Amino acid sequence: MKKNVKQIVYDCEVLPNYFCVVFGELEGDRVFTYEISEHNQEHAAIIQIAELYQLIGYNSHGYDDILIKYIMLNPECTNAELYEISRAIISRDFFVTKQYKQDKSMQSIDIMTMLASSKLRVSLKHLQVVIKWHNVQEFEVEWTEDLPEDRWEACKEYCVNDVLSLKAVCQTLEKDFKLRDFVYETTGLLCYSKDPVKIAEYTMADAIAKDFPGGVDQFIWDTVDANVPVKSIQVSDLILPFVQFKTPRFKEALKTYQDFILEPEKEQLKKKSEKFKVVIRLENMFLNLGLGGIHHEYKRGVTHKEVPGTKLLMPDVSSYYPSMRIEHFPHRFDPLFLTEYKKAYAEKAEGKRTKNKMLEGYAKLKLNSVFGLYNSVYSPLYSPTVAYSTTINGQLMLCMLIEEFLLADIEVLGTNTDSITVRVKDAQMEVYHKICAAWEKTTSMGLDHDEFTAIYEQSCNNYIAMTKEGYAKTKGTFVPELNLLKGYTYPVIKNAMIDYFTKGVPIEKTIRDCKDIYDFCMSTRMGVSKDGVRFEAYHNGKKLQRTNRYYASVGPGTAYMYKSAGGPMQHVLKGSGVIVFNKYVEKDDYNINYKFYIREAMKAVRAIEPEQLGLW
C-alpha cells in the first residue's frame, strides 16, 4: 500500500450513448463529474484521478473498477466500447473482462465486499436507509436504450447522490478501516476489500503457508482445489470420552447423537424443520440441541427478576469455540495452524489487558471468524470434523453442567450457545461454585459468572439483561446500534422498549417525545414473485421506485402502500397508511400515526411481561 495516497469515492453509470463517472474526495469537499459521450471525451481527467487517488466504490471490484481500468488501458475508447464492456460484466463474460479484473495497476477498495460475504450483502439503497441518508434515490431508466440528452444531467445527479451517500457510509466505518490498517502494518497483507471472515481466512492461511511455494494465494488455490467434501461422519467418533450423564433424559439425548450418521452436504440442504434436532424437556421450557448451538425455548417471551435471597447468574464459557479448538480438536494443518491460533488467543488477552483495541479486535476476528470456514469446502481451512466436534461436544458439555445444576436443585432458566442462566439461592452458592469448578476441571474450559438484576427476554436471541452494576447487556433486536447489514424497521420502537425496561420510561412517552422522523421510518425493497415476476410498489395511485422508505401516518398525503407482480394488490404495511419519505422534507408536523407505533411496541412488551396488561 502506497503511503499518503488520498482516497476518493466514486461511481459509474453506462448506457448505450452515455457514460459518466462521479468522484468525491473522502476527506475533502470536492466533487468531480466527467463523461464520455458524443459531446465530451474526458478520458484524460478520469485517468488522472485514477492515478492520483485510491478509489473507493460499491461493488466496484466487480463493475466500476473494470470500466476505469479499460479507460486507462484504452485512453481513446468510445462510449459504445464502454457499454459493450458493461454488458460483458453483467453477462459474466470472463473471457472479455479477464485482463481488466486481473490488472493490479489501480488501487481500489470495494465497500460491498469489505462489509460482508456474498450471502449477507445488501444494496447501497439499503445502506442509505440505515444511515438515515436524506435522499434514497433510484434512477428509473431502460438501461439497454439510449438515454435522452435532457436526462444526462439527472444521471450525473443520481451518481453524485450515490457517491456522497457512500462517503457517509465510509465515515461510519472508521474502526473497520483502522483494523485493516492494523492488519497491513502487522502482516503486510492487503485486506481492505475483504470482509472479517475473509481477513481471518487470509491471515491464518498466510501463517500456514509461510514456506509454501507461490505464497498464500497459491496455497489457498491449491488447497481449495484439492478439497474433497466429507460424505459422512459417525457422530459417536466425535464425542469426547468424558461426556457422560446421570439422568435418563440426558442419557437418551447422548445416545441419539451417538447413533446418528451425519452427512454434511445433505444436512445443509435440508429444510429447517427436517434438520437433525434433539429436544430435552425441562419443567419450564425446552432445550433444543442440534448440529449448531444449544438454546432454550419458551412458548412466549419471559421476564426473570432477582428476588431476595437469590442471585440471577449467567455462567458463560470463556472463549467458547476457541477454547475447545485449542484443548480438544486438532486440525489438518496443525501444528502451524494451532501455533497461530494459540498466538491469537494470547494476543486477545494481551490486547484486553493493555487496552489495545486493535490488537484485541484482530485477535478476536481470527479466533471466531475462522469457525464457519471449517464447513466450507471452498476454504483452505475446510475441516468439518473440527466444526461438528466443536458444536456437538459444546452442547453436550453445557448439558452436563445443566444436569448437575438440576440435580442440586438449582433453578435453570435458560441456555444459549455458550452460557446458562440460573437462579441460585444464597444457601446454594457454595454448591454452585463447586459444580462449576468440577465442570471446568473435567472439560478444561473456563467459566465467567455475570450477575443480573433482571432479564427481559423476547426470545433466547433477543433480550435485555440488567447487570448488578446498572448497565444493560443487549442482544439481537435490543442492540441499540444500527447494523448496516440488518433490516431497518422503525428504531423508535426498539428505543422505547429499551427505555421502558432499563429506565422505567412509559412506552408512549418515548415514542411521542421522539423528534427524529427517521426513527419512525421503515423500508421495503421490491423482490420478485414465485413466478419470477418483479413486484411493483404503488402509493396514492403512483408507481414507486424499487426501494422505498416510508412511515406510518395519518392525515394529508396518507395512503396504504401496495405491491403487485401483475396479480392482485397486496398490502406492504397492513396496520396503517403511510407517507413515502424517500427524500427528506423538513416539516413542523409529519402527521405521524403514533398509535400504530405504540400498539406495535406494546405487542412486544406484552409478550415479555403479560402481567403488565392492566397498566395499559
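Further up the page is the structure itself.
Scope of this entry: the structure provided in the associated data block. (Residues numbered from 1 in each chain as written. Predicted model: local features only at pLDDT ≥ 70, side-chain atom pairs only at ≥ 80, totals over all residues. Heavy atoms only, no water.)

1. Concerning the packing of aromatic side chains
If you walk through the whole model with that rule in mind, you get 30 aromatic pairs. Their ring planes at 75° and their centres at 5.9 Å tell us that Tyr490 and Phe596 sit as a pair that is edge-to-face. With Tyr490 in the loop between β17 (472–475) and α18 (491–503) and Phe596 in helix α20 (residues 594–608), the pair connects residues that are 106 residues apart, well separated along the chain. In this pair, the class of Tyr490 matches that of Phe596, namely buried. Three or more aromatic residues link up through ring pairs in this structure, and these residues are Tyr320, Tyr321, Phe337, Tyr341, Phe371 and Tyr374. Directly above the aromatic system of Phe337 lies the positively charged group of Arg325, at a separation of 5.0 Å from the ring centroid. Its end group placed over the ring of Phe535, Lys563 keeps NZ or CZ at 4.5 Å from the ring centre. (Phe/Tyr/Trp six-rings, centres within 6.5 Å; stacked < 30°, edge-to-face > 60°. Helix = DSSP H or I, 4+ residues; strand = E, 2+ residues; numbered from the N terminus. Buried < 20%, exposed > 50% of the residue type's maximum accessible area, 1.4 Å probe, protein only. Lys NZ or Arg CZ within 6 Å of the ring centre and 35° of its normal.)

2. Here's the deal with the packing of helix α1 (residues 43–52) against helix α2 (residues 64–73)
Relative orientation and spacing of two packed helices are given, respectively, by the angle between their axes and the distance between those axes. Packing of α1 against α2 brings their axes to within 9 Å, and their N-to-C directions diverge by 115°. One way to sum up the angle between α1 and α2 is to call them roughly perpendicular. In the crossing of α1 with α2, the sense of the turn from one axis to the other is left-handed. Residues His43, Ile46, Ile47, Ala50 and Glu51 of α1 touch α2, and the partners they reach there are Ile68, Ile71 and Met72. Each residue belonging to the contact of α1 with α2 can be placed in one class, and the counts come to six nonpolar, one polar and one charged. (Axes fitted to C-alpha atoms, helices over the stretch in contact; angles between N-to-C directions. Parallel < 35°, antiparallel > 145°, perpendicular 65-115°, else oblique. Left-handed = near helix turned anticlockwise from the far one by under 90°. Contact = heavy atoms within 4.5 Å. Nonpolar A, V, L, I, M, F, W, Y, C, P; charged D, E, K, R; others polar.)

3. Let's talk about unusual backbone geometry
Excluding glycine, residues mostly have negative phi values, and the peptide bonds linking residues are mostly trans. For the peptide bond that leads from Asp334 to Pro335, omega is 10°, which places it in the cis range. Look at Asn540: it is not a glycine, yet its phi comes out positive at around 55°. Relative to the elements of secondary structure, Asn540 occurs in the loop between β19 (536–539) and β20 (542–543). Exposure remark for Asn540: the relative accessible area of 54% places this residue in the exposed category.

4. Some words on a negative patch on the surface
A contiguous patch of negative charge on the surface is contributed by Glu38, Glu142, Glu145, Asp146, Glu149 and Asp150. Residue Asp146 is classed as exposed on the basis of its relative accessible area of 53%. (Patch = residues over 30% accessible without salt bridge, like charges linked within 9 Å, V, L, I, M, F, W, Y side chains within 5 Å. Areas by Shrake-Rupley, 256 points an atom, 1.4 Å probe, with all protein chains shown as cover. Salt bridge = Lys/Arg side-chain N within 4 Å of Asp/Glu carboxyl O. Lys, Arg positive; Asp, Glu negative; His and termini not counted. Charge placed at Lys NZ, Arg CZ, Asp CG, Glu CD.)

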